[in-house]
Number of protein chains: 2
Amino acid sequence: MASLFRSILALSVATAALTASANANELRETALEIFDPVPSTLPALEGNPVTPEKVELGKALFFDPRMSSSGVFSCASCHNLATGGDDNMPTSIGHGWQTGPRNAPTVLNAVFNEAQFWDGRAADLAEQAKGPVQAGVEMANTPENLLATLNSMQQYVDWFEAAFPEEGEPVTFDNFGRAVEAFQATLITPAPFDAWLNGDDAAMTEQQVEGLEVFINAGCASCHSGVNLGGNGYYPFGLVERPGADILPPDDKGRYQVTATVDDEYVFRASPLRNIAVTAPYFHSGNVWDLRTAVVVMAESQLGADLAEEEIDAVVAFLDALTGEVPEVTLPLLPAETAETPRPTGEVLE
Amino acid sequence: MASLFRSILALSVATAALTASANANELRETALEIFDPVPSTLPALEGNPVTPEKVELGKALFFDPRMSSSGVFSCASCHNLATGGDDNMPTSIGHGWQTGPRNAPTVLNAVFNEAQFWDGRAADLAEQAKGPVQAGVEMANTPENLLATLNSMQQYVDWFEAAFPEEGEPVTFDNFGRAVEAFQATLITPAPFDAWLNGDDAAMTEQQVEGLEVFINAGCASCHSGVNLGGNGYYPFGLVERPGADILPPDDKGRYQVTATVDDEYVFRASPLRNIAVTAPYFHSGNVWDLRTAVVVMAESQLGADLAEEEIDAVVAFLDALTGEVPEVTLPLLPAETAETPRPTGEVLE
C-alpha cells in the first residue's frame, strides 16, 4: 500500500508540475484530470435504483430515533444535516453515554466515497447504514428489534412496499440499508470549486486558485482526488513522519483491524475533503479543531513538506471553496408507535 | 384548588348536560363555550412580537445541539417535530445518560398553554426555554457557556441583531428564550376537531362526535378545556381515587415543589390533549403507553366514573380527532464553530 502510494505520488507530481504562471485554463485542464465536479443528477447506486419512494422512506429512517434501542439516537444525531452532516465532536457520544472510537464523518457527498468508514470496512452506504445501528457504543440496536419496530407501524410497512414494489416481504434489514443509501444519494453539495471546474473563473478567488495549485503541486491531490477529494484510497497516516499520539492514538491501527495485514497498520481511508471547513474537528481521532493546523499536520506527516505560510493560507482558502450548498431538507413526519412497537430502553438489548 | 375544581366540574356538568339526541349545532354551541379552535393566524406573544427574523433565529436555536454542553442534545432532541413534538419515552434521557423526572410534553401548540411544565413553573415559553438548557439532567449548560457559544459565531450575532433590531446588545439569554418562543408560536396543528368546531359536520365521524359528548358529559372537559383541551389549570392527580405508584410515583409531589403549599401536593397541570394519540406514553410519569388505558385511569381517578366500553371507545375516537396537521419544517443550516466556540464536553460544566 505504501509503495503504491509513492508511485501515485511520483506520477502525479510529475504530470501535475505546474508553475505559478499557468493560466486558469491550463490549471483547470490539469485539475479535471485529478478531480471531478459533483454531477448535476443523482448518482446511480449499484443494485439499488433510486426512486422518490425509496428516498422518502430513507429520509424517514434516517431521522427516526426509534432505530436505536434507546430511542435517543437517529442517524441524524451524529450526521446532523443542520451542521455539515456530522456532529462537531471529536468522537460521538452514543448509547449509555459511551464515546465512539473515531470521529463521525459527514454524510454529505458520502455517496461518492469508494468505501465507507475510516477503515473502509463497508463497501457502500447500504452496507454502512447497518453498522451504527448495531454498534453497542452507537445505536445499540439489533436487526430483529429494528424490524419489529418497523413492522409494528403500518405506515412503515406501506412505505417499504412502495419503495420495493417487486418484493413480497420488503421490510428487511438490507432494504433498510438500501433506503438510507438512496436518501443519502440526494445529499450532494455543489460548491464554488465545482463552478470553477465547470468553467466559471470567477467562482474561486485568486487565493483559492493559488491554493489549488499548491494542493496539486505539493502532492495533497495524490490522495485527495476524485469527486470527493478523498474517500477513494487507503494510505498510512504518518507516511513521512508520524504525528503525535493525540492525533494518531497508538491503539487504533486503522485498516489493520479489517485486513489483519501488517502493511495496513495505521492505514486509513484518505478523508474526503468536501465541506471540510464546516466539519471540524479533524482526523479519525477528532482532536484537531483548526483547519490550518490540520493542513500543516498533513503536509508534514504525509508529504514531508514544509509549506510557506502563504501556501498554507492558500490551501485553507482553497478548502473553503469546497463548502457546498446543502440541499433543503424538510423533516419527515414519522408514524406513531403502536401497542406492538418495542419500547425504548436505555439498557443493553439482549 | 381542589374545591375550585369541584365548582368548575359541577358548573360544567350542569350547563353541558346534553342528551344523545342533541343535534350537531346544539353540541357545537356547547362545545364552543368550552373549547376554542386554533386560530388561523399566529398567536400574539406578550412582550415578544413575532417577526420572521425572530422565528428563523428561534428555529436555528431550537435545532442546535451546541446549546447543550455536550453537543448531543438540542431542544429538538426531546421535542422531536418528526414524532409529534415529543420523544416517545417515559422520561427523557439527557446529559450523562441520566433520565429526567417527568415525561417530555409536546411543543406542538404549547404556545396556547397558560403555563409551562407539568407543574406550571414557567409562565410562558420564553421562560420555559431557559429551563432544559440549564437542567443538569437535560442539556446541562450554563447561560454563560451558551452565550459564549452564540457570540463565537458571527452568523448568530447577525441573526440576533436582525431579530432584536432595537437592542444594542441583543445576544442575551432572555432573547434566546424569546426567539425559541417565537419559533414555537408557529408550531400549531389544526385538526379535524377544529374543522368541526368551525362548522364542518363531516370533519368528525359519528363515533368521534359521540366521544365529544361523553367527554363533556362525563366531566373530562372540566379540566381539559380551552384551545388545548388542557394546559390551563392545576388539579390534583387522584382527586377521586389515587392511581398506582407506577402512574403517580409518591416522591413526585408536582406543583407542591413550586408552591410548597400542602394543597398543591400531587397537583399537576391538566395535560393539553392536542395530538395526544401520537404522543404516548402518558402522564407525567410516562408509564402508560395505551391511550385507552389512559382514558380509563383518568375517568376513575379524576371523575370516579365507570364509563361503558363504547363510551371509552368513543372518547378515544374523539381524541384521535385532535391529531392535527404538523407544519412543514425545513432544517436550518447552522453556522460552523470557530476557534472561540466552547468545545463540547460530556463532563459536567463548572
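Looking up chain A in an unreviewed UniProt entry gives the name Cytochrome-c peroxidase, with the organism given as Roseitalea porphyridii. UniProt's Subcellular location (unreviewed entry) comment on chain A is quoted here verbatim: "Periplasm".

Caption draft 1: Looking closely at the relation of the copies chain B and chain A. After a rotation of 180° and a shift along the axis of 0.0 Å, chain B superposes on chain A with an RMSD of 0.0 Å. Those values place the two copies in the arrangement expected of a two-fold rotation axis. In terms of proximity to the rotation axis, the leading residue of chain B is Thr330 of chain B, whose C-alpha is 2.0 Å off the axis. Mapped onto chain A, 100% of the interface residues of chain B are again interface residues, and the two copies thus contact each other with one and the same surface.

Caption draft 2: The interface of chain B and chain A, seen in detail. Chain B puts 35 residues into the contact, and the matching count from chain A is 35 residues. Regarding the contact of chain B and chain A, the summed buried area is about 2,900 Å², with carbon and sulfur atoms giving 70% of it. Between chain B and chain A we count zero salt bridges in total. For the interface between chain B and chain A, the tally reads eight residue pairs in polar contact (both at pLDDT 80 or more). Here the residues of the side of chain B that touches chain A are counted per class, giving 21 nonpolar, 10 polar and four charged.

Caption draft 3: Geometry of the UniProt feature "binding site: heme c 1" (unreviewed entry) in chain A. Residues and elements named next belong to chain A. Residues annotated in UniProt with the feature "binding site: heme c 1" (unreviewed entry) correspond here to Cys75, Cys78, His79 and His95. In the annotated set above, the residues contributing to the lining of the second largest cavity are Cys78. For Cys75, the location among the structural elements is in helix H4 (residues 75-78). Using a relative accessible area of 12% as the deciding quantity, one classes Cys75 as buried. Setting aside residues up to four positions removed in sequence, Cys75 forms contacts with Leu61, Phe62 and Met139. Within the fold, His79 resides in the loop between H4 and helix H5 (125-128). The class of His79 is buried, set by a relative accessible area of 14%. Contact partners of His79, with chain neighbours within four places excluded, come to Phe62, Gly85, Asp86, Ala104, Pro105 and Val107.

Caption draft 4: Geometry of empty space enclosed by the protein. All names here are of chain B. As enumerated under the stated definition, the model contains six cavities of 30 Å³ or more in all. If you trace the largest cavity, you find 37 residues lining it, with His224, Ser271, Leu273, Phe283 and Met298 closest to the centre. If you list the elements that add at least two residues to the lining of the largest cavity, you get helix H12 (220-223), strand E1 (234-236), strand E2 (267-269), helix H14 (291-303) and helix H15 (309-320). With seven residues, the top contributor of residues to the lining of the largest cavity is H14. Looking at the lining of the largest cavity, its residues break down into 26 nonpolar, eight polar and three charged. Counting contributing residues per domain, the lining of the largest cavity is built from domain 1 (52-185) and domain 2 (191-321), each supplying no fewer than three.

Caption draft 5: Looking closely at the layout of surface pockets. Residues and elements named next belong to chain B. Estimated volume of the second largest pocket: approximately 720 Å³. Along the walls of the second largest pocket sit 41 residues, with Pro105, Phe117, Arg121, Pro132 and Glu138 positioned nearest its centre. Of all the elements in the fold, those that place two or more residues in the lining of the second largest pocket are helix H4 (75-78), helix H5 (125-128), helix H6 (130-134) and helix H9 (173-184). Residue composition of the lining of the second largest pocket, grouped by class: 21 nonpolar, 13 polar and seven charged.

Caption draft 6: Molecular detail of the packing of helix H2 (residues 24-34) of chain B against helix H11 (residues 206-217) of chain B. All names here are of chain B. Orientation of H2 relative to H11, taken along the N-to-C sense of each, is 50°, at an axis distance of 11 Å. As the angle between them shows, H2 and H11 are arranged oblique. Where H2 crosses over H11, the two elements pack in a sense that is left-handed. Each of Leu27, Ala31 and Ile34 in H2 lies in contact with H11, whose residues at this interface are Val209, Leu212, Glu213 and Ile216. Here the residues of the contact of H2 with H11 are counted per class, giving six nonpolar, no polar and one charged.

Caption draft 7: Summary view of the packing of aromatic side chains. Residue and element names in this part refer to chain A. Under the defined criterion, the tally for this structure stands at 26 aromatic pairs over all chains. Where Phe193 meets Trp196, the ring centres are 6.4 Å apart and the plane angle is 10°; that geometry is what we call stacked. Here Phe193 pairs with Trp196, and both are found in helix H10 (residues 192-197), just three residues apart, close to one helical turn. Given the relative accessible area of 1%, Trp196 is considered buried.

Caption draft 8: Representation of the domain arrangement of chain A. Residues and elements named next belong to chain A. Domain assignment breaks chain A into domain 1 (52-185) and domain 2 (191-321). Spacing between the C-alpha centres of domain 1 and domain 2 amounts to 27 Å. With 24 residues of domain 1 in contact, the opposing surface of domain 2 contributes 27 residues. Interface of domain 1 and domain 2: buried area, both sides summed, is about 1,900 Å²; carbon and sulfur atoms make up 49% of it. The largest per-residue losses of area from domain 1 upon contact with domain 2 belong to Arg102, Trp118 and Asp119, which jointly make up 32% of the total buried on that side. Among the ionic pairs, Asp252 bridges to Arg102, the shortest N-O distance being 2.8 Å. In this assembly, domain 1 and domain 2 are joined by eight residue pairs in polar contact (both at pLDDT 80 or more). Across the side of domain 1 that touches domain 2, the residue classes tally to nine nonpolar, 10 polar and five charged.

Caption draft 9: Main features of the environment of Thr293 of chain A. Residues and elements named next belong to chain A. As for its position among the elements, Thr293 is in helix H14 (residues 291-303). In sequence terms Thr293 and Tyr282 are 11 residues apart; their C-alpha atoms lie 9.5 Å from each other. Of note is the side chain of Thr293, whose polar atom sits 2.7 Å from the side chain of Asp290.

Caption draft 10: Spotlight on the nonpolar core. Membership of the largest hydrophobic core comes to 83 residues, with the highest contact counts inside it found for Leu61 and Leu81 of chain A together with Leu61 and Leu81 of chain B. Residue contacts for Leu81 of chain A: discarding those within four places in its chain leaves Phe62, Phe63, Val107, Leu108, Phe183, Leu187, Val326 and Val329 of chain A together with Leu331 and Leu333 of chain B. In this structure, Leu197, Met204, Phe215 and Ala321 of chain B belong to the second largest nonpolar core, which totals 43 residues.

Caption draft 11: Representation of the side chain of Gln128 of chain A in the model. All names here are of chain A. Inspection of the secondary structure puts Gln128 in helix H5. Judged by relative accessible area, Gln128 falls into the buried class, the value being 12%. Every residue in contact with Gln128, bar those within four places of it in the chain, is listed here: Gln116, Phe117, Ala122 and Gln184.

Caption draft 12: Broad picture of the pattern of salt bridges. All names here are of chain B. One pass over the structure, following the stated rule, counts 22 salt bridges over all chains. Among the ionic pairs, Arg292 bridges to Asp313, the shortest N-O distance being 2.8 Å. Placement of the pair is Arg292 in helix H14 and Asp313 in helix H15, with a sequence separation of 21 residues. For Arg292, a relative accessible area of 25% puts it in the partly exposed group.

Caption draft 13: Structural context of the side chain of Thr330 of chain A. You can see Thr330 of chain A is positioned in the segment after helix H15 (309-320). Leaving out residues up to four positions away in the same chain, Thr330 of chain A has contacts with Lys59 of chain A together with Glu328, Val329 and Thr330 of chain B.

The rules we used
Residues numbered from 1 in each chain as written. Chains lettered and ligands numbered in written order. Predicted model: local features only at pLDDT ≥ 70, side-chain atom pairs only at ≥ 80, totals over all residues. Heavy atoms only, no water. UniProt positions renumbered as here; feature names shortened; annotations may be inferred. Least-squares fit on C-alpha atoms with pLDDT ≥ 70 in both. Contact = heavy atoms within 4.5 Å. Buried area = accessible area lost by both parts, 1.4 Å probe. Salt bridge = Lys/Arg side-chain N within 4 Å of Asp/Glu carboxyl O. Polar contact = N/O pair within 3.5 Å; in protein donor to acceptor, adjacent residues only side chain to side chain. Nonpolar A, V, L, I, M, F, W, Y, C, P; charged D, E, K, R; others polar. 1 Å grid on protein atoms, 1.4 Å probe; cavity = no way out; pocket = protein on both sides within 12 Å on 5 of 7 lines; lining within 4 Å. Helix = DSSP H or I, 4+ residues; strand = E, 2+ residues; numbered from the N terminus. Buried < 20%, exposed > 50% of the residue type's maximum accessible area, 1.4 Å probe, protein only. Points joined across faces, edges and corners; volume = space filled by probe spheres on them. Domains from an automatic or database assignment. Axes fitted to C-alpha atoms, helices over the stretch in contact; angles between N-to-C directions. Parallel < 35°, antiparallel > 145°, perpendicular 65-115°, else oblique. Left-handed = near helix turned anticlockwise from the far one by under 90°. Phe/Tyr/Trp six-rings, centres within 6.5 Å; stacked < 30°, edge-to-face > 60°. Core = buried A, V, L, I, M, F, W, Y, C linked by side-chain atoms within 4.5 Å.

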